[in-house]
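Structural features, examined
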Number of protein chains: 2
Amino acid sequence: MNINNISEYLAQHGVRPSYQRTEIYKYIINNKSHPTAEMIFKKLAPAIPTLSKTTVYNTLKLFTDKNLVRILTIEENEKRYDAVSVVHGHFKCEVCGGIYDFDIDLSNIDEKIPDHFSIKNYQINLSGICNNH
Amino acid sequence: MNINNISEYLAQHGVRPSYQRTEIYKYIINNKSHPTAEMIFKKLAPAIPTLSKTTVYNTLKLFTDKNLVRILTIEENEKRYDAVSVVHGHFKCEVCGGIYDFDIDLSNIDEKIPDHFSIKNYQINLSGICNNH
DNA sequence: GTATCTGCAAAACATTTGCAATTCT
DNA sequence: AGAATTGCAAATGTTTTGCAGATAC
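Residues numbered from 1 in each chain as written. Chains lettered and ligands numbered in written order. Predicted model: local features only at pLDDT ≥ 70, side-chain atom pairs only at ≥ 80, totals over all residues. Heavy atoms only, no water.

The number of helices and strands found in chain A is 4 helices and 5 strands. Helices and strands in chain A line up, N terminus first, as α-α-α-α-β-β-β-β-β. Over its C-alpha atoms, taken along the principal directions, chain A stretches across nearly 45 × 40 × 25 Å. Buried positions account for 41% of the 133 residues belonging to chain A. Sequence-distant contacts in chain A: of pairs separated by 6 or more residues, those separated by 24 or more amount to 47%. Accessible surface, chain A: about 7200 Å² in total, of which carbon and sulfur atoms supply 46%. Considering chain A, the positive charge centre built from 15 side chains and the negative charge centre built from 15 side chains are found 10 Å apart. (Helix = DSSP H or I, 4+ residues; strand = E, 2+ residues; numbered from the N terminus. Buried < 20%, exposed > 50% of the residue type's maximum accessible area, 1.4 Å probe, protein only. Contact = heavy atoms within 4.5 Å. Areas by Shrake-Rupley, 256 points an atom, 1.4 Å probe, with all protein chains shown as cover. Lys, Arg positive; Asp, Glu negative; His and termini not counted. Charge placed at Lys NZ, Arg CZ, Asp CG, Glu CD.)

Further remarks concern the side chain of E75(B). All names here are of chain B. Structurally, the position occupied by E75 is in the loop between β1 (69-72) and β2 (80-83). Classification of E75 as buried rests on a relative accessible area of 11%. A polar atom in the side chain of E75 sits 2.9 Å from the side chain of K92. (Polar contact = N/O pair within 3.5 Å; in protein donor to acceptor, adjacent residues only side chain to side chain.)

In this section: the protein's contact with DNA strand C. Taken together, 16 residues form the shell around DNA strand C, and within it S18(A), T50(A), S52(A), T55(A) and Y57(B) come nearest. Measuring from a phosphate oxygen of DNA strand C, one finds a backbone N or O atom of T50(A) at 2.6 Å. One of the backbone nitrogen or oxygen atoms of S52(A) is found 3.4 Å away from a phosphate oxygen of DNA strand C. Breaking the surface near DNA strand C down by element, the ones donating at least two residues are α2 (19-30) and α4 (53-65) of chain A together with α4 (53-65) of chain B. Taken together, the residues of the surface near DNA strand C break down into 2 nonpolar, 10 polar and 4 charged. (Near = heavy atom within 4 Å. Nonpolar A, V, L, I, M, F, W, Y, C, P; charged D, E, K, R; others polar.)

With that settled, the discussion passes to the protein's contact with DNA strand D. In the vicinity of DNA strand D there are 16 residues, among which Y57(A), K79(A), S18(B), R21(B) and T50(B) approach most closely. Looking at DNA strand D alone, sugar and phosphate atoms form 80% of those within 4 Å of the protein. In the environment of DNA strand D, a phosphate oxygen lies 3.2 Å from a nitrogen or oxygen atom belonging to the side chain of Q20(B). Between DNA strand D and the protein, one listed contact pairs a phosphate oxygen with a backbone N or O atom of T50(B) at 2.6 Å. At the level of elements, α4 of chain A together with α2 (19-30) and α4 of chain B are the ones that each hand at least two residues to the surface near DNA strand D. In terms of residues, the surface near DNA strand D owes the most to one element, α4(A), which gives 3 residues.

This part takes up the interface of chain A and chain B. The interface is formed by 31 residues belonging to chain A together with 31 residues belonging to chain B. Buried area between chain A and chain B, both sides added, is near 2800 Å², and the carbon and sulfur share of it is 64%. Run the count over chain A and chain B and you get 0 salt bridges. Those elements that place two or more of their residues in the side of chain A that touches chain B are β4 (99-103) and β5 (118-129) of chain A. Sort the elements by how many residues they give to the side of chain A that touches chain B and β5(A) lands first, with 12 residues. Tallied by class, residues from the side of chain A that touches chain B come to 13 nonpolar, 9 polar and 9 charged. Pairing of β5(A) with strand β5 (residues 118-129) of chain B, which is carried by 11 bridges, proceeds in the antiparallel orientation. Within β5(B), the position partnered with N121(A) by the bridge is S127(B). (Buried area = accessible area lost by both parts, 1.4 Å probe. Salt bridge = Lys/Arg side-chain N within 4 Å of Asp/Glu carboxyl O. Pairing = 2+ DSSP bridges.)

Before going further, it helps to spend a moment on the relation of the copies chain A and chain B. When chain A is fitted to chain B, the best match, at an RMSD of 0.1 Å, comes from turning it 180° and sliding it 0.0 Å along the axis. Here the symmetry operator amounts to a two-fold rotation axis. Of every C-alpha in chain A, the one belonging to I124(A) sits nearest the axis of rotation, 2.3 Å from it. Most of the interface of chain A is mirrored in chain B, where 100% of its interface residues are also at the interface. (Least-squares fit on C-alpha atoms with pLDDT ≥ 70 in both.)

Keep in mind these values describe shape, not function.
Structure follows, in structure tokens:
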């Protein structure tokens, strides 16, 4: 996404583009690391000295409500956040903690769930050992 | 599984079958609800008055280490536990909170992830609205 | 000037840990 | 007796909430 258009993009999704919100959203889309609230805070705090963790949490909640980001539950003890985009899966390396995206084909998943169930969200999370180990 | 053989089954997996452990494991396999630690504690405490939440947590950790149960991260804020069995997916209803199992076919997932990645665990978690709403 | 946003401090909640008492063999 | 297990109490770590001050429209 064009960075210059982030404010506009947030506004289109019903989020008033404050400085903090714009920076947080920019960080999420520019970092494929699927960051936690803590990671976002640690990374942005030096550049935004007044930033508080509460604002990070408030903002992530707002983004989630507005469907701008999606909560990833690949970690057992903290949430990660992913910019909403095409459906994809995640692989978490148990050794280095790295998270890798991969394509998935869910074209036949609808036939696996009962009739009249409506799917709102997908999470395909694998874990194991990546090729650096 | 035959309830009478639970002690034996635990022992075979390197878990000494204390009363608490046997009851906790029995509860997990007899309840397809993928319970949380809290649910297990609340349900078993009346019958085992001395039971503590710490023991529930200790036991779930032990079962997880021994590969008897698997942690499910379908909830955003608490862990659920699933008896280890054939690979299957989970659908969580956002309205009633119910969790439904469904079959999945992962025969072609290996080709989607990079070479030399070894998969240890799968989690296929969907959410949406079930057919009761 | 009023509504919104931010951020500190405190609370809430799930989970873990230290350790003493209990239980099992 | 010795080792493993249990459970209370306290600590930890993440996330949420109350609220006062700051900011934006």
